[in-house]
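Okay, here's what each chain looks like letter by letter:
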Amino acid sequence: MEGEKILYFYLKEGERWKKHGWSRGKMAVEHLGMEEGGMLGCCGVPEFCRKNRAWKEDRLRDAMGRTVEEQKAEEFYLQPQLALLAGVEEKLPPEVLLKKVLGQVPCMEYLVYIGGGGGKRSAWEEEELREERQLLFYLLSPYLARINHFALATDRPEGYEEFTDYIYEEYGIPTAVAKMDRPYGKDGRTVILDRGKGWEIALGAVPRRASYVDFWSEERKRKRIEKEREDIRYISVVKFLDTLVKNGYNTRVDFCKQ
């Protein structure tokens, strides 16, 4: 939520938490303010607990949990690689971070949203779909006035009727159902929002110079896009935050101004 403190845990490869068995390990946190009034803390987590000794999952979770408590953070987000190391189920980034990353998209005239799957859903899955619709409203509301075309890539488009009816009635934006087996949109003016974890998109169906926003920050997708389609601009929360950490002060200033 906006105005809260969020911690981003990322993996520091090759480093260790403790120099000696008796020393006290601590995870350093770098802070920066966000224009929404909240605070982002970037916390580097050493790859090893001690020299040449891997973390035990429960100990790593405990160490990060203590950091969350010490920092009095309302939300946290784990780099997917680190979530795997800690045995933690990966979750979507906090909404405010997704919103910040979406602000990096230069043009949003043709929009394609890759949503969840279909089939018979349980009550829990229906609730998850409702939250997904709410996320769409939250993320896209600032851009609806300039979006001309909207397409859904999902095998259950009826699950999004509340959102698609709204954008048609309020903004005159029609919705198409896209299988992504052929190009949709126009070169340089198309944005793909990919919430489909594990979705294998046919890159030939993506227009040239499109922006590809990966909600799950899947490393496999990033590498494939960068290898096969250098013209596509791949965007994700992890790529954005890792660049923030790597480049330091100047990037953090830009982050606050955006």
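On a predicted model such as this, the values are computed, not experimentally measured, just so you know.

This part is about the overall build of the protein. Per the secondary structure count, the protein includes eight helices and 11 strands. Every one of the 258 residues in the protein was classed for burial, and the buried ones make up 47%. Sequence-distant contacts in the protein: of pairs separated by 6 or more residues, those separated by 24 or more amount to 66%. Counting every atom, the protein has about 13800 Å² of accessible surface; 47% of that belongs to carbon and sulfur.

Below, the discussion takes up the nonpolar core. In this structure, Leu40, Leu102, Met108, Leu140, Leu193 and Phe215 are the most contacted members of the largest nonpolar core, which totals 43 residues. Membership of the second largest hydrophobic core comes to 19 residues, among which are Phe9, Val68, Leu82 and Ala86.

This paragraph deals with the environment of aspartate 242. With respect to the element layout, aspartate 242 can be found in helix α7 (residues 237–247). Spatially, the C-alpha atoms of aspartate 242 and glutamine 79 are 9.2 Å apart, while their sequence positions differ by 163 residues. Discounting chain neighbours no more than four positions away, the residues touching aspartate 242 are Tyr8, Tyr10 and Gln79.

Two elements, strand β1 (residues 5–16) and strand β3 (residues 39–50), share nine bridges in a ladder whose sense is parallel. Its bridge partner being in β3, leucine 7 is matched across the sheet by glycine 41. As paired elements, β1 and strand β5 (residues 75–78) share four bridges and run parallel to each other. Of the residues in β5, the one forming a bridge with isoleucine 6 is glutamate 75.

Attention now moves to the sheet that holds strand β11 (residues 233–236). The strand order β8-β7-β6-β9-β10-β11 describes an open sheet built from six strands, whose pairing is parallel. The sheet is open, and its two edges are formed by β8 (175–177) and β11, each paired on a single side. Neighbouring strand axes in the sheet, compared pairwise and without regard to direction, differ in orientation by 20° on average. Across four bridges, strand β9 (residues 190–194) lies against strand β10 (residues 211–214) in parallel orientation. Counterpart to isoleucine 192 in the pairing with β10 is tyrosine 212. The sheet contacts of helix α5 (residues 161–171) involve β7 (149–153) and β8, and relative to β7 the element is tilted by about 170°.

Conventions adopted
- Residues numbered from 1 in each chain as written.
- Predicted model: local features only at pLDDT ≥ 70, side-chain atom pairs only at ≥ 80, totals over all residues.
- Heavy atoms only, no water.
- Helix = DSSP H or I, 4+ residues; strand = E, 2+ residues; numbered from the N terminus.
- Buried < 20%, exposed > 50% of the residue type's maximum accessible area, 1.4 Å probe, protein only.
- Contact = heavy atoms within 4.5 Å.
- Areas by Shrake-Rupley, 256 points an atom, 1.4 Å probe, with all protein chains shown as cover.
- Core = buried A, V, L, I, M, F, W, Y, C linked by side-chain atoms within 4.5 Å.
- Pairing = 2+ DSSP bridges.
- Axes fitted to C-alpha atoms, helices over the stretch in contact; angles between N-to-C directions.

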